[in-house]
Amino acid sequence: SDLIIVEGEMSGYRKRRRMDQKIKEMKNHYIICGFGRVGRQVAQVFETSRIPFVVIDNKKETFEELEAKGFPILIGDATDDKTLMAAGITHAKGLVACSDSDVANVYVTLSARVLNPHFNIVARAAFKDTEKKLIMAGANRVISPYFISGVRMAALATQPVATEFLDLVTHGGGVDFSLYQITIHEGSPLIHKSLVEADIRNATGALVLAVKKLDGSFDLQPNATSRIETNDVLVVIGTQ
């Protein structure tokens, strides 16, 4: 029985080493801080969309659950720089601070913003007063689940079909098309072309719904003569 225990420990050690190595090699991934009700849903959406992610949580049950599924998980304090560095924060694409504690989310956001000044941070706020603090701490977007739930319930009550369609294209929902954002980088052959000249629909099957310009404004009704410029972000609907 001692041999079985030692073999089990060795197997667990090797598994952990492989997981640590996998996390070390990740790039352009997302870090989910906190695996409560909200964090679990974020992970499910990422998994469905095949978006790489690492979870940071301090609960042993979370570790056991995610390790069994083969999901990258670090047990530790997400406000600790060492933990964030181990999660690959310097080459991550974004971070979701979704702990049940507003205080923890503010500290995570502060630490994360210092370690990566350029990536995207989305933070959860249970209380209205926390929103300003999270923005000051460096969050790009702040979400209140209770506000979102209220808006969604009102939309489902008044416009159920439109809301169902939006759910399909934003959350997968078993359909093979979805909403995507495409950034037009310098050197793209689409730069300075009008939408009719770019002929994106015929070339790719994707439909351009909106364009976010460099100054932050949105063109919500792009037409055939709308011109594509460097750093425009196209919001399109199409297949992967």
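See the structure printed just above.
Below you will find a few notes about this structure.

Definitions and limits used
Residues numbered from 1 in each chain as written. Predicted model: local features only at pLDDT ≥ 70, side-chain atom pairs only at ≥ 80, totals over all residues. Heavy atoms only, no water. Helix = DSSP H or I, 4+ residues; strand = E, 2+ residues; numbered from the N terminus. Buried < 20%, exposed > 50% of the residue type's maximum accessible area, 1.4 Å probe, protein only. Contact = heavy atoms within 4.5 Å. Salt bridge = Lys/Arg side-chain N within 4 Å of Asp/Glu carboxyl O. Phe/Tyr/Trp six-rings, centres within 6.5 Å; stacked < 30°, edge-to-face > 60°. Core = buried A, V, L, I, M, F, W, Y, C linked by side-chain atoms within 4.5 Å. Patch = residues over 30% accessible without salt bridge, like charges linked within 9 Å, V, L, I, M, F, W, Y side chains within 5 Å. Areas by Shrake-Rupley, 256 points an atom, 1.4 Å probe, with all protein chains shown as cover.

This next bit is on unusual backbone geometry. Among all residues except glycine, the phi angle is most often negative; among peptide bonds, the trans geometry is most common. The backbone of asparagine 28 sits at a positive phi, close to 55°, despite the residue not being glycine. Note on placement: asparagine 28 falls in the loop between α1 (2-25) and β1 (30-33). The residue histidine 192 is not glycine, and still its phi comes out positive at about 75°. Along the polypeptide, histidine 192 turns up in the loop between β7 (177-183) and α9 (195-198). Owing to a relative accessible area of 54%, histidine 192 belongs among the exposed residues under this scheme.

Tracing the chain through its elements places leucine 95 in strand β4 (residues 94-97). What makes leucine 95 buried here is its relative accessible area of 1%. Here the alpha-carbon distance between leucine 95 and threonine 170, two residues 75 residues apart in the chain, equals 19 Å. In contact with leucine 95, not counting residues within four places along its chain, are Tyr30, Ile31, Cys33, Leu84, Ile89, Val108, Ala112, Phe119, Asn120, Ile121 and Val122.

Okay, the pattern of salt bridges next. Inspection of every chain in the model, using the stated rule, returns 8 salt bridges. One salt bridge in this structure joins glutamate 65 and arginine 40, with 2.7 Å as the shortest N-O distance. Note that glutamate 65 is positioned in helix α3 (residues 60-69) and arginine 40 in helix α2 (residues 37-48), a separation of 25 residues in sequence. According to the relative accessible area criterion, glutamate 65 is partly exposed, its value standing at 26%. On the basis of relative accessibility, which here comes to 34%, the residue arginine 40 falls in the partly exposed class. Here glutamate 197 and arginine 227 are joined by a salt bridge, their closest N and O atoms 3.3 Å apart. Taken together, the positions of glutamate 197 in helix α9 and arginine 227 in the loop between β9 (218-219) and β10 (233-239) put the pair 30 residues apart, joining distant regions of the chain. The class for glutamate 197 is partly exposed, based on a relative accessible area of 46%.

Let us now look at the packing of aromatic side chains. Enumeration according to the criterion identifies 3 aromatic pairs in this entry. Centre to centre, the rings of tyrosine 30 and phenylalanine 46 are 5.3 Å apart; their planes meet at 45°, and the pair counts as tilted. In this pair, tyrosine 30 sits in strand β1 while phenylalanine 46 sits in helix α2, placing the two residues 16 residues apart along the sequence. Classification of phenylalanine 46 by relative accessible area gives buried; the value is 11%. Counting every residue linked through ring pairs, the aromatic cluster contains Tyr30, Phe46, Phe53 and Phe71.

The next point concerns the nonpolar core. With 26 residues, the main nonpolar core has Ile31, Cys33, Ile56, Ile89, Leu95, Phe119 and Leu134 as its most contacted residues. Listing elements by their share of this core, those giving two or more residues are α1, β1, β2 (53-57), β4, α5 (102-115), β5 (120-124) and α6 (128-137). Here this core gets 3 residues from one element, more than from any other, and that element is α5. What cysteine 33 contacts, discounting residues up to four positions off in sequence, is Ile56, Ala78, Leu84, Leu95, Val96, Ala97, Cys98, Ser99 and Val108.

Right, let's get into a nonpolar patch on the surface. A grouping of Ile143, Phe147, Ile148 and Val151 is seen on the molecular surface, where their side chains present a nonpolar patch of about 360 Å² in accessible area. In terms of residue count, helix α7 (residues 145-158) provides more of the nonpolar patch than any other element does, 3 residues in total. With respect to the helices and strands, the residue valine 151 is situated in helix α7. Here valine 151 falls in the partly exposed class, since its relative accessible area comes to 44%.

Quick look at the environment of isoleucine 135 now. Tracing the chain through its elements places isoleucine 135 in helix α6. Once the C-alpha coordinates of isoleucine 135 and glycine 76 are considered, the two residues, 59 residues apart in sequence, prove to be 24 Å apart. Once residues within four sequence positions are removed from consideration, isoleucine 135 is found in contact with Asn140 and Val142.

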